[in-house]
Amino acid sequence: MNIPLDKDYYISSDRYAFKLYKNIVVNGKDSFRVQGYYITLNSCIKSYIQEKLKNSKAKSKSDVFKDLEQIQENITNMYKFIASNGEDIYIGTLNKLLKGKIDLDTIEEDEED
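Residues numbered from 1 in each chain as written. Predicted model: local features only at pLDDT ≥ 70, side-chain atom pairs only at ≥ 80, totals over all residues. Heavy atoms only, no water.

1. Thoughts on the pairing of strand E3 (residues 18–26)
- Pairing analysis gives five bridges linking strand E2 (residues 9–13) to E3, with the strands arranged antiparallel. Along E3, the bridge assignment pairs Ile11 with Leu20.
- Turn length for the E2-E3 hairpin, with the two strands adjacent in sequence and antiparallel, is four residues.
- Of the strand pairs in this sheet, E3 and strand E4 (residues 29–38) are connected by nine bridges, and their pairing is antiparallel. The residue of E4 that forms the bridge with Tyr21 is Val34.
- Hairpin connection from E3 to E4: two residues lie between these consecutive antiparallel strands, with Asn27 at a positive phi of about 55°. (Pairing = 2+ DSSP bridges. Helix = DSSP H or I, 4+ residues; strand = E, 2+ residues; numbered from the N terminus.)

So this is what it looks like as structure tokens:
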């Protein structure tokens, strides 16, 4: 699975882990490097959200809200990408995210039950 999130990030997976990749410019060329390995898709998405907010250039609350709206749009697009490619096992979790439950800690607790 390879899912684009935005121009700078994408998620891939294999049978062992989900990986968050970030675009880094090396010697003038774009190169994607692994930012982290995650056991669950939720923890990978959570890391993406944290990275985006940590690197935000927001100077006001309204700027932060705009960044959050963009992040939510990126996650929505990821959901649509997965749904259109038949990756059914992730749809339930992503559907919860899109219903306004962006608190991934809560979703991870639900999965453990």
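2. Considering the packing of helix H1 (residues 41–54) against helix H2 (residues 61–84)
- In the contact formed by H1 and H2, the axes pass within 10 Å of each other and the chain directions differ by 150°. Here H1 lies roughly antiparallel to H2, going by the angle between them. When you trace H1 past H2, the crossing you get is right-handed. Here Ile45, Tyr48, Ile49, Lys52 and Leu53 of H1 come into contact with H2, specifically with Leu68, Ile71, Asn74, Ile75 and Met78. (Axes fitted to C-alpha atoms, helices over the stretch in contact; angles between N-to-C directions. Parallel < 35°, antiparallel > 145°, perpendicular 65-115°, else oblique. Left-handed = near helix turned anticlockwise from the far one by under 90°. Contact = heavy atoms within 4.5 Å.)

3. Points about the nonpolar core
- Residues Leu5, Ile11, Leu20, Ile45, Tyr48 and Met78 are the most contacted members of the largest nonpolar core, which totals 16 residues.
- Counting residues per element, the ones that place at least two in this core are E2, E3, H1 and H2.
- In terms of residues, this core owes the most to one element, H1, which gives five residues.
- Among all residues touching Ile11, those that are not within four sequence positions of it are Met1, Asn2, Ile3, Leu5, Phe18, Lys19, Leu20, Leu41, Cys44, Ile45 and Met78. (Core = buried A, V, L, I, M, F, W, Y, C linked by side-chain atoms within 4.5 Å. Buried < 20%, exposed > 50% of the residue type's maximum accessible area, 1.4 Å probe, protein only.)

4. Some points on the sheet that holds E4
- On the basis of which strands lie adjacent, the open sheet formed by four strands has the order E1-E2-E3-E4 and antiparallel pairing. The strands lining the two open edges of the sheet, one partner per strand, are strand E1 (2–4) and E4. Each adjacent strand pair in this sheet contributes to an overall mean axis angle of 30°, direction not counted.
- Its contacts with the sheet place H2 against E1 and E2, and it is angled at close to 145° to E1.

5. Quick notes on the environment of Cys44
- Tracing the chain through its elements places Cys44 in helix H1.
- A relative accessible area of 0% means that Cys44 is categorised as buried.
- C-alpha of Cys44 to C-alpha of Phe18: the two residues are 26 residues apart in sequence and 6.6 Å apart in space.
- Those residues in contact with Cys44 that sit more than four places away from it in its chain are Ile11, Phe18, Lys19, Leu20 and Tyr38.

6. Focus: a nonpolar patch on the surface
- Together, Leu53, Val64, Phe65 and Leu68 line one region of the surface with nonpolar side chains, adding up to about 320 Å² of accessible area.
- In terms of residues, the nonpolar patch owes the most to one element, H2, which gives three residues.
- Here Phe65 is to be found in helix H2. (Patch = residues over 30% accessible without salt bridge, like charges linked within 9 Å, V, L, I, M, F, W, Y side chains within 5 Å. Areas by Shrake-Rupley, 256 points an atom, 1.4 Å probe, with all protein chains shown as cover. Salt bridge = Lys/Arg side-chain N within 4 Å of Asp/Glu carboxyl O.)

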